[in-house]
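Structure assessment
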Amino acid sequence: IVCFIGRSNVGKSSLIKALFSLAPEVEVRVSKKPGHTKKMNFFKVGKHFTVVDMPGYGYRAPEDFVDMVETYLKERRNLKRTFLLVDSVVGIQKTDTIAIEMCEEFALPYVIVLTKIDKSSKGHLLKQVLQIQKFVNTKTQGCFPQLFPVSAVTFSGIHLLRCFIASVTGNLD
Ligand code: GDP
């Protein structure tokens with residue numbers, strides 16, 4: 001299992017679509033688990049892994065969100081990686097740092113994915129990437145040392161991220 005987590009509007013649904021919709025053998029469906037679908041969306045992707053689309057967090061999220069996610073993340077023993085989505089236009093926000101601290105606290109292996117890289121100029125994007133890379137290098141323990149900048153619009157970076165996911169889930173062939 002891998003899961004995707006990020007603020008509302010960061011681009012989770014778009015990224016999941018970009019990553020998995022092109023594979024014709026992959027059947028994307030929403031879990032029938034009652035009561036869960038409103039809070040978290042579970043997608044079964046092919047036979048091999050499941051994607052958990054966490055709801056956005058921040059001021060629009062329910063108050064118990066952190067508790068819920070914490071419980072989920074702690075109890076999932078087969079969670080291979082957590083992909084933490086950060087909007088490349090605005091960089092790491094306060095709500096993102098909450099998720100980062102959570103991953104660090106639970107010693108989860110996680111990866112930062114920068115979304116919507118088509119939206120900013122190359123100069124602005126480079127500035128954000130360097131800033132976030134510096135943050136990862138100096139302030140985190142469990143974060144994968146390389147960022148994955150992607151765009152669900154131009155599909156830039158999607159292939160590499162797809163390969164990375166295949167690799168960590170043991171589906172690389
Ligand atoms: P979610 O709430 O995290 O699932 O975010 P969505 O996937 O629904 O995306 C939120 C908004 O950002 C939508 O209007 C998308 O069209 C837009 N968006 C998502 N990914 C990208 C991207 O890579 N580039 C651009 N330009 N817009 C994007």
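We now turn to the structure provided with this report. (Residues numbered from 1 in each chain as written. Predicted model: local features only at pLDDT ≥ 70, side-chain atom pairs only at ≥ 80, totals over all residues. Heavy atoms only, no water.)

Some words on the site of the ligand
To keep it simple, the criterion reads: A cutoff of 4 Å decides nearness: a residue is near a molecule or strand if any of its heavy atoms lies inside that distance of it. Two N or O atoms count as a polar contact when they lie within 3.5 Å, although within protein this holds only if one can serve as hydrogen donor and the other as acceptor, and sequence-adjacent residues are included solely when both atoms are side-chain atoms. Methods summary: accessible areas were calculated by the Shrake-Rupley approach with a probe of 1.4 Å, and residue burial reflects only the protein chains presented. Under the convention adopted here, Pro, Cys and the residues Ala, Val, Leu, Ile, Met, Phe, Trp and Tyr are nonpolar, Asp, Glu, Lys and Arg are charged, and Gly plus all remaining residues are polar.
With respect to spatial proximity, 14 residues lie near the ligand, and among them K12, S13, S14, D118 and A152 are the closest. Within the contact set of the ligand, an oxygen atom lies 2.6 Å away from a side-chain nitrogen or oxygen of S14. When the ligand sits alone it has 580 Å² of accessible area, and the protein chains cover 69% of it. Its residues assigned to classes, the shell around the ligand shows 3 nonpolar, 6 polar and 5 charged.

Considering the pattern of salt bridges
Inclusion rule: Should a side-chain nitrogen of Lys or Arg be within 4 Å of a carboxyl oxygen of Asp or Glu, the pair is scored as a salt bridge. For helices the rule is a DSSP run of H or I covering at least 4 residues; for strands it is a run of E covering at least 2, with both sets numbered from the N terminus onward.
Across all of its chains, the model carries 1 salt bridge by this definition. A salt bridge links K116 to D87; the shortest N-O distance between them is 3.9 Å. Of this pair, K116 sits in the loop between β6 (110–115) and α4 (122–139) while D87 sits in strand β5 (residues 81–87), placing them 29 residues apart in sequence.

A look at the nonpolar core
For the record, the criterion: Side-chain atoms within 4.5 Å link the members of a nonpolar core, which is a set of buried Ala, Val, Leu, Ile, Met, Phe, Trp, Tyr and Cys residues. Think of it in three bands: residues with accessible area under 20% of the maximum for their type are buried, residues over 50% are exposed, and the middle band is partly exposed, with areas taken using a 1.4 Å probe on protein chains only. By definition, residues are in contact when any of their heavy atoms lie within 4.5 Å.
Membership of the largest hydrophobic core comes to 22 residues, with the highest contact counts inside it found for L84, Y110, I112 and L114. Of all the elements in the fold, those that place two or more residues in this core are β1 (2–6), β5, α3 (94–105), β6 and α4. If one sorts the elements of this core by residue count, α3 sits on top with 4 residues. With residues up to four places along the chain from it excluded, the contact list for I112 reads L84, V86, I100, V136, C143, Q146, L147 and F148. A18, V113, V150 and F164 belong to the second largest nonpolar core, which has 20 residues in total.

With respect to the packing of helix α1 (residues 12–20) against helix α5 (residues 158–168)
For clarity, the cut-off: The angle between two axes is taken between their N-to-C directions and runs from 0 to 180 degrees, where each axis is a line fitted to C-alpha atoms and a helix contributes only its stretch in contact. For classification purposes, angles smaller than 35 degrees are called roughly parallel, those larger than 145 roughly antiparallel, those between 65 and 115 roughly perpendicular, and all remaining angles oblique.
Direction vectors running N to C along α1 and α5 enclose 80 degrees, while the axes themselves pass 10 Å from each other. When the axis of α1 is compared with that of α5, the two are roughly perpendicular. Between α1 and α5, the contacting residues are L15, A18, L19 and F20 on the first element and I158, L161, R162 and I165 on the second. Among the residues making up the contact of α1 with α5, the classes are represented as 7 nonpolar, no polar and 1 charged.

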